[in-house]
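# Breakdown of the fold
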Amino acid sequence: MKAVLLPGERRVDIVERDVPVPGEDEVLVKTRASAICRSDMGLYTGTSAIVGGEAAGKGLIVPGHEPAGMIADVGPAVEGMAIGDRVAAYLPIGCGRCEYCRAGYMMLCTTWRCLGFDVDGGDADYFVVPAANALPLPDEMSFVAGAVMTDMVGSQYHTQKVLGVRGGRTIAVFGLGPMGAAAVLVAKGFGADVIAVDILPERLELARRLGADTTVNPAETDPVAAVRDATGGRGADVAVDCTGAPPAQNAALDSAAKRGAVAFVGESRATQINPSDQIIRKLLTVVGGWYFPLYEWNEITRFVLSRRVPVEQLVTHTFPLDDAENAFAMFDRRETEKAVFVWPDGA
Ligand SMILES: [Zn+2]
Ligand SMILES: [Zn+2]
């Protein structure tokens, strides 16, 4: 089979590998779609600081932590799943026994490994995951939809649900890359009013097409004042930072209403805030948003189907795996938003 490897320094190798054999509790998935994510760029450049263990960024692991496909083989101990089942992959692989795994939060397991960073992922014709990580994909959903519904839509669904996003409430989304765009779609699915904030006009245009009610460009207007203006002076009930950039993180805190909530979703290592003015004296709730618990997957698919959330609109480019070098280069140069490798039907 063909597989992509990222040895660093923006090199992309397409190599020939044996089709992996599923272990006792694992399934082999024939990949049909695999999304590129901003977090892959650390592997691509070889400077990964956020995710991945020893092997990440050395070209030893097949990337691709947002894949979907069809089960092609099942391990001897797997029950209730069969060849031909359509699935998306749940990326954290946990021990299965600790309190976090049992609660469905496998990314909190002390020994968790990440698909596409610590273990071979979906940028290949086939990949293997534990059966527990193979999420059933409803027939009405395409593989491309399945690929963007985990890390992107799933993360936003969980975070916004926790923060009570719903009709009658206003959410401000900072940073309209793929994650912010997913935030807009999910918030509209919940029925909320959405204020989209980004410095790139084309991203604001995309946000409008996805349903954002108000767009704000901080290069032209003070975003905190703009959010206040759009909310009758109150501020947003919920603000979500998808940038990881200190100015936007601060603007998110400042644009949230008293007793409102802020989620930090964009990865970052250091920032400076003023807790007294920005959090304590506003009785703000501040949370981290990172993926979703395993048990929530079926609810997420029901939400997307019943609210007709057009998740495929997040995808601006698709590529065959053979075009991986071009795909990673374009994504790196931000010439694409969400980009997905797709395999032709029947291939
Ligand atoms: Zn991702
Ligand atoms: Zn565990």
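Residues numbered from 1 in each chain as written. Chains lettered and ligands numbered in written order. Predicted model: local features only at pLDDT ≥ 70, side-chain atom pairs only at ≥ 80, totals over all residues. Heavy atoms only, no water.

### Here we look at the overall build of the protein
In plain terms, the rule: Comment: elements are numbered from the N terminus, with helices defined as DSSP H or I runs of at least four residues and strands as E runs of at least two. Radius of gyration: C-alpha atoms only; globule rule: 2.2 Å multiplied by the number of residues to the exponent 0.38. When accessible area is computed with a 1.4 Å probe and restricted to protein chains, residues below 20% of their type maximum are described as buried, those above 50% as exposed, and intermediate ones as partly exposed. By definition in these notes, contact holds between two residues if any of their heavy atoms fall within 4.5 Å. We score Asp and Glu as negative and Lys and Arg as positive, and we do not count His or the chain ends. For charged residues, the charge sits on one atom: NZ in Lys, CZ in Arg, CG in Asp, CD in Glu.
On a plain count of helices and strands, the protein comes out with 10 helices and 17 strands. Since a compact globule built from 347 residues should have a radius of gyration of about 20 Å, the 20 Å found for the protein is in line with a globular shape. Split into buried and exposed, the 347 residues of the protein put 55% on the buried side. Across the protein, every contact between residues at least 6 apart in sequence was considered, and the portion connecting residues at least 24 apart equals 68%. A distance of 7 Å separates the average location of the 32 positive side-chain charges in the protein from that of its 44 negative side-chain charges.

### Notes on the coordination of the zinc ion (ligand 2)
As a benchmark, a tetrahedral metal site with four donors has ideal angles of 109.5 degrees, while an octahedral site with six donors has ideal angles of 90 or 180 degrees. Convention followed: For Na, K and Ca the donor cut-off is 3.2 Å, and for all other metals it is 2.8 Å, counting N, O and S atoms only; because water is absent from this set, sites may look incomplete. Here the metal geometry follows the donor angles, with tetrahedral for four donors whose angles all fall between 85 and 135 degrees, square planar for four and octahedral for six when opposite donors are more than 155 degrees apart and every other angle is between 65 and 115, and irregular for all the rest.
Only C95 (SG), C98 (SG), C101 (SG) and C109 (SG) from the protein coordinate the zinc ion (ligand 2), and they sit 2.3 to 2.4 Å from it. Around the zinc ion (ligand 2) sit 4 donor atoms, and with donor-metal-donor angles ranging over 104 to 115 degrees the site reads as tetrahedral. Taken in sequence order, the residues that donate to the zinc ion (ligand 2) follow the motif C-x2-C-x2-C-x7-C. Taken together, the residues span a long stretch of sequence, with C95 in the loop between β6 (92-93) and α2 (99-102) and C109 in the loop between α2 and β7 (113-114) at a distance of 14 residues. We classify C95 as partly exposed; its relative accessible area is 25%.

### Considering the domain arrangement of the protein
Test applied: The start and end points of each domain follow an automatic or database-based domain assignment. Defined here as a combined quantity, buried area equals the accessible surface (1.4 Å probe) lost by two parts on assembly, summed across both. By salt bridge we mean one thing: a side-chain nitrogen of Lys or Arg within 4 Å of a carboxyl oxygen of Asp or Glu.
Taken domain by domain, the protein comprises domain 1 (2-137 + 310-342) and domain 2 (153-288). Its C-alpha centre places domain 1 at a distance of 29 Å from the equivalent point of domain 2. Of the residues lining the interface, 10 residues belong to domain 1; the matching set on domain 2 comes to 14 residues. Contact between domain 1 and domain 2 buries roughly 1,000 Å² in total, counting both sides, with carbon and sulfur atoms accounting for 66%. Here domain 1 is connected to domain 2 by 1 salt bridge. Put simply, R203 and E337 hold a salt bridge, and the shortest N to O gap is 2.8 Å.

### Some words on the coordination of the zinc ion (ligand 1)
Taken together, C37 (SG), H65 (NE2), E66 (OE) and D151 (OD) make up the protein donors of the zinc ion (ligand 1), found 1.8 to 2.3 Å from the metal. Angles of 98 to 135 degrees at the metal separate the 4 donor atoms of the zinc ion (ligand 1), which places the site in the irregular class. Site description for the zinc ion (ligand 1): donor spacing in sequence, C-x27-H-E-x84-D. Taken as a pair, E66 in the loop between α1 (41-45) and β4 (67-74) and D151 in helix α3 (residues 143-162) lie far apart in primary sequence, 85 residues in all. Summarising the burial analysis for this pair, E66 and D151 share the class buried.

### Some thoughts on the pairing of strand β8 (residues 126-130)
Here is the rule: A pair of strands is treated as paired once DSSP finds two or more bridges between them.
Most of β8 is tucked away: 4 of the 5 residues are buried. By the bridge criterion, 5 bridges tie strand β3 (residues 26-36) to β8 in an arrangement that is antiparallel. Note that in β8 the partner of V29 across the bridge is F127.

### Thoughts on the packing of α3 against helix α9 (residues 297-306)
Using the following cut-off: Interaxial angle, 0 to 180 degrees, is taken between N-to-C directions of lines fitted to C-alpha atoms, where a helix line uses only the stretch in contact. Any angle that is under 35 degrees is reported as roughly parallel, and any over 145 degrees as roughly antiparallel; angles of 65 to 115 degrees are reported as roughly perpendicular and all others as oblique. Charged means Asp, Glu, Lys or Arg here, nonpolar means Ala, Val, Leu, Ile, Met, Phe, Trp, Tyr, Cys or Pro, and polar covers whatever is left, Gly included.
The interhelical angle for the contact between α3 and α9, taken along N-to-C directions, is 95 degrees, at an axis separation of 10 Å. Considering the angle they form, α3 stands roughly perpendicular to α9. Of the residues in α9, those in contact with M149, T150, V153, G154, Y157 and K161 of α3 are W297, E299, I300, T301, F303 and V304. Residues of the contact of α3 with α9, tallied by class, amount to 7 nonpolar, 3 polar and 2 charged.

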